[in-house]
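Here is what each chain is made of, one letter per residue.
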Amino acid sequence: MDDDNAGGEKSFALTIIISRTIEDIMSVLKIGIPKGSLEKATIALFEKSGWKIKMASRNYFPEVDDPELSVYICRPQEMSRYIEDGLLDAGITGKDWTLENESDVVVIEDLVYSKVSKKPTRWVIAVPGDSPITTVEQLDGKRISTELVNVTQSFFKERNMNVDISFSWGATEAKAVSGLADAIVEVTETEATIRAHGLRVIHELMQSNTQLIASHQALEDSWKKEKINDIAMLLQGALRADKIVALKMNVPEERFDEILEILPSVTAPTVARLYKQPWFSVETVISEHQVRDLIPQLKKIGAEGIIEYSLNKVI
Ligand SMILES: Nc1ncnc2c1ncn2[C@@H]1O[C@H](COP(=O)(O)OP(=O)(O)OP(=O)(O)O)[C@@H](O)[C@H]1O
Ligand SMILES: O=P(O)(O)OC[C@H]1O[C@H](OP(=O)(O)OP(=O)(O)O)[C@H](O)[C@@H]1O
Ligand SMILES: [Mg+2]
């Protein structure tokens, strides 16, 4: 570890010790938020879930509008280690890094979102577009660059292959292009970076998604356990709401059965009578992708005053 990193770790540990004094007075849950790729999306998800996290420039201890929470900004690569050691109670990080660190932590909730999408990320083996390599077996004896050294090592060991794996500090795609590596193991979400470097994917190592993880110690404390589970429920509810919309419409009595037949819902649509009219008001929630087919159909059958609105949480 270099001096800079050692200093950073010391001040991080010191702040945790100070916060322990506060915890002696009241119950506080220490939660880690990932810095980097997932930071913006995570803070936005917390906001939608009910917590405003205010970042200050160059300060890794943001403010949060909940006195029961202490928020720590932490590299996703290190998150599971701090949680395993009980320095943090819970945190958001990628499944990939928890696996890489072989950390003994509890996965509370899979929260499937990435930097720009609501999809899992993929760790892939990629080679330069003009490389003769087309299969994993052809990588025997070759040089591979990656940030995910342990997982990559296990992958090739399981296949009894001998490869030279070197740790990459980032900009990994460039190493395949410049000839510093024969292949790379790199994370991809949209494949834009892979395409921009003219690389070819030859294998998918694994998929990863964001997770809320917690320490065994924290879960032994009933107050912390409940707080962690409440956070998980609200985060998942906010994620779910992103994919679902609500529909409300007026339906004439004579077309009621027909309309109800094509109307999806979680349990059943809510139905109310319009005041002194032969009409019903019908309300339901549906997947966002169903909207563009469903609304024209409903209109054709006779629904009127159709309104669609977005939701904040679906629990
Ligand atoms: N588009 C994306 N690119 C990279 N990682 C992503 C992306 N979307 C989600 N992730 C996830 O974010 C987590 C952190 O990614 P990564 O290890 O690249 O660190 P980072 O936050 O991007 O920092 P760095 O600047 O060091 O790359 C990983 O668990 C990864 O799977
Ligand atoms: O498939 P894509 O949507 O193009 O995303 C993948 C890219 O994003 C990440 O880089 P990041 O922004 O973390 O920068 P880094 O190179 O410093 O890791 C990752 O390391 C890839 O380079
Ligand atoms: Mg990155």
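This one's a predicted model, so the numbers in the text were calculated from it and none came from an experiment.

Caption draft 1: Up close: the sheet that holds strand S10 (residues 183-188). Overall, mixed pairing links the five strands, which are arranged S9-S8-S10-S7-S11 in an open sheet. The open sheet is flanked by strand S9 (164-167) and strand S11 (199-208), the only strands paired with a single partner. Ignoring strand direction, the axes of neighbouring strands in this sheet form an average angle of 25°. Pairing between strand S8 (residues 143-146) and S9: four bridges, direction parallel. Residue pairing for S9: Arg-143 is matched across the bridge by Asp-164.

Caption draft 2: Up close: the site of ligand 1. Around ligand 1 lies a shell of 15 residues, among which Ser-37, Arg-75, Asp-96, Trp-97 and Glu-189 are the nearest. The side chain of Asp-96 places a nitrogen or oxygen atom 2.5 Å from an oxygen atom of ligand 1. Trp-97 places a polar side-chain atom, nitrogen or oxygen, 2.8 Å from an oxygen atom of ligand 1. Burial of ligand 1 by the protein amounts to 80% of the accessible area it has alone, namely 590 Å². Elements with a contribution of two residues or more to the shell around ligand 1: helix H3 (76-84) and helix H4 (95-101). Taken together, domain 1 (3-116 + 210-241) and domain 2 (121-208) each give at least three residues to the shell around ligand 1, which thus spans both.

Caption draft 3: Local environment of the UniProt feature "domain: Histidine biosynthesis HisG C-terminal" (unreviewed entry) in the chain. On the UniProt side, "domain: Histidine biosynthesis HisG C-terminal" (unreviewed entry) is annotated at positions that read residues 241-313 here. The annotated region residues 241-313 carries 27% helix and 40% strand content, and the separation between its end C-alpha atoms amounts to 5 Å.

Caption draft 4: Geometry of the site of ligand 2. Residues in close proximity to ligand 2 include Ser-37, Lys-115, Ala-171, Glu-173, Glu-186, Val-187, Thr-188, Glu-189, Thr-190, Glu-191, Ala-192 and Thr-193, which together make up its full environment. A distance of 2.5 Å separates an oxygen atom of ligand 2 from a polar side-chain atom of Thr-190. The separation between an oxygen atom of ligand 2 and a polar side-chain atom of Thr-193 is 2.4 Å. A total of 490 Å² of accessible area belongs to ligand 2 in isolation, and the protein chains cover 68% of it. Looking at the shell around ligand 2, the elements with two or more residues in it are S10 and helix H7 (192-196).

Caption draft 5: Expanded view of the environment of Ile-108. Its location among the elements puts Ile-108 in strand S6 (residues 106-111). For Ile-108 and Met-55, which are 53 residues apart along the polypeptide, the C-alpha to C-alpha distance reads 25 Å. Look past the residues within four positions of Ile-108 in its chain and what remains in contact with it is Leu-212, Ile-213, Ala-214, Leu-219, Ile-228, Asn-229 and Ala-232.

Caption draft 6: Looking closely at the domain arrangement of the chain. What the domain assignment reports for the chain is domain 1 (3-116 + 210-241), domain 2 (121-208) and domain 3 (244-310). Facing the ten residues of domain 1 at the interface are twelve residues of domain 2. A combined buried area of about 930 Å² lies between domain 1 and domain 2, and 50% of that area is made up of carbon and sulfur atoms. Three residues stand out in domain 1 for area buried against domain 2, namely Asp-96, Trp-97 and Glu-100, and they jointly supply 53% of the buried area on that side. Between domain 1 and domain 2 we count zero salt bridges in total. There are seven residue pairs in polar contact (both at pLDDT 80 or more) connecting domain 1 and domain 2. No other element matches H4, which puts five residues into the side of domain 1 that touches domain 2. Here the residues of the side of domain 1 that touches domain 2 are counted per class, giving three nonpolar, three polar and four charged.

Caption draft 7: Expanded view of helix H9 (residues 222-242). Over its 21 residues, H9 runs 31 Å from end to end, which matches the ideal 30 Å to within 8%, given 1.5 Å per residue. Residues Lys-224, Lys-227, Ile-228, Ile-231, Ala-232, Leu-235, Gln-236, Gly-237, Ala-238, Leu-239 and Ala-241 constitute the buried set of H9. The backbone nitrogen of Trp-223 lies 2.9 Å from a side-chain oxygen of the residue at the head of H9, namely Asp-221.

Caption draft 8: Region of interest: the pairing of strand S1 (residues 29-34). Of all six residues in S1, six are buried, a share of seventy percent or more. Both faces of S1 are covered, namely the face carrying Leu-29, Ile-31 and Ile-33 and the face carrying Lys-30, Gly-32 and Pro-34. Strand direction decides the pairing type here: S1 and strand S4 (residues 69-74), joined by six bridges, are parallel. Directly across from Leu-29, in S4, lies its bridge partner Leu-69. Here two bridges tie S1 to strand S5 (residues 90-94), and the two strands are oriented parallel to one another. The partner of Ile-31 across the bridge, within S5, is Ala-90.

Caption draft 9: Geometry of the UniProt feature "domain: ATP phosphoribosyltransferase catalytic" (unreviewed entry) in the chain. Within this structure's numbering, the places UniProt gives as "domain: ATP phosphoribosyltransferase catalytic" (unreviewed entry) are residues 75-236. Secondary structure content for residues 75-236 is 36% helix and 30% strand, and the end C-alpha separation is 22 Å.

Caption draft 10: Spatial organisation of the sheet that holds S1. The strand order across the open sheet formed by five strands is S4-S1-S5-S12-S6, and the pairing between neighbours is mixed. Unpaired on one side and paired on the other, S4 and S6 mark the two borders of the sheet. Neighbouring strand axes in the sheet, compared pairwise and without regard to direction, differ in orientation by 25° on average. On top of the sheet, helix H2 (residues 39-49) reaches S1 and S5; it is set at about 135° to S1, its chief contact. Strands S1, S4, S5 and strand S12 (210-214) of the sheet are contacted by H3, whose axis makes an angle of about 145° with S5.

The rules we used
Residues numbered from 1 in each chain as written. Chains lettered and ligands numbered in written order. Predicted model: local features only at pLDDT ≥ 70, side-chain atom pairs only at ≥ 80, totals over all residues. Heavy atoms only, no water. Pairing = 2+ DSSP bridges. Helix = DSSP H or I, 4+ residues; strand = E, 2+ residues; numbered from the N terminus. Axes fitted to C-alpha atoms, helices over the stretch in contact; angles between N-to-C directions. Near = heavy atom within 4 Å. Polar contact = N/O pair within 3.5 Å; in protein donor to acceptor, adjacent residues only side chain to side chain. Areas by Shrake-Rupley, 256 points an atom, 1.4 Å probe, with all protein chains shown as cover. Domains from an automatic or database assignment. UniProt positions renumbered as here; feature names shortened; annotations may be inferred. Contact = heavy atoms within 4.5 Å. Buried area = accessible area lost by both parts, 1.4 Å probe. Salt bridge = Lys/Arg side-chain N within 4 Å of Asp/Glu carboxyl O. Nonpolar A, V, L, I, M, F, W, Y, C, P; charged D, E, K, R; others polar. Expected span 1.5 Å × (residues − 1). Buried < 20%, exposed > 50% of the residue type's maximum accessible area, 1.4 Å probe, protein only.

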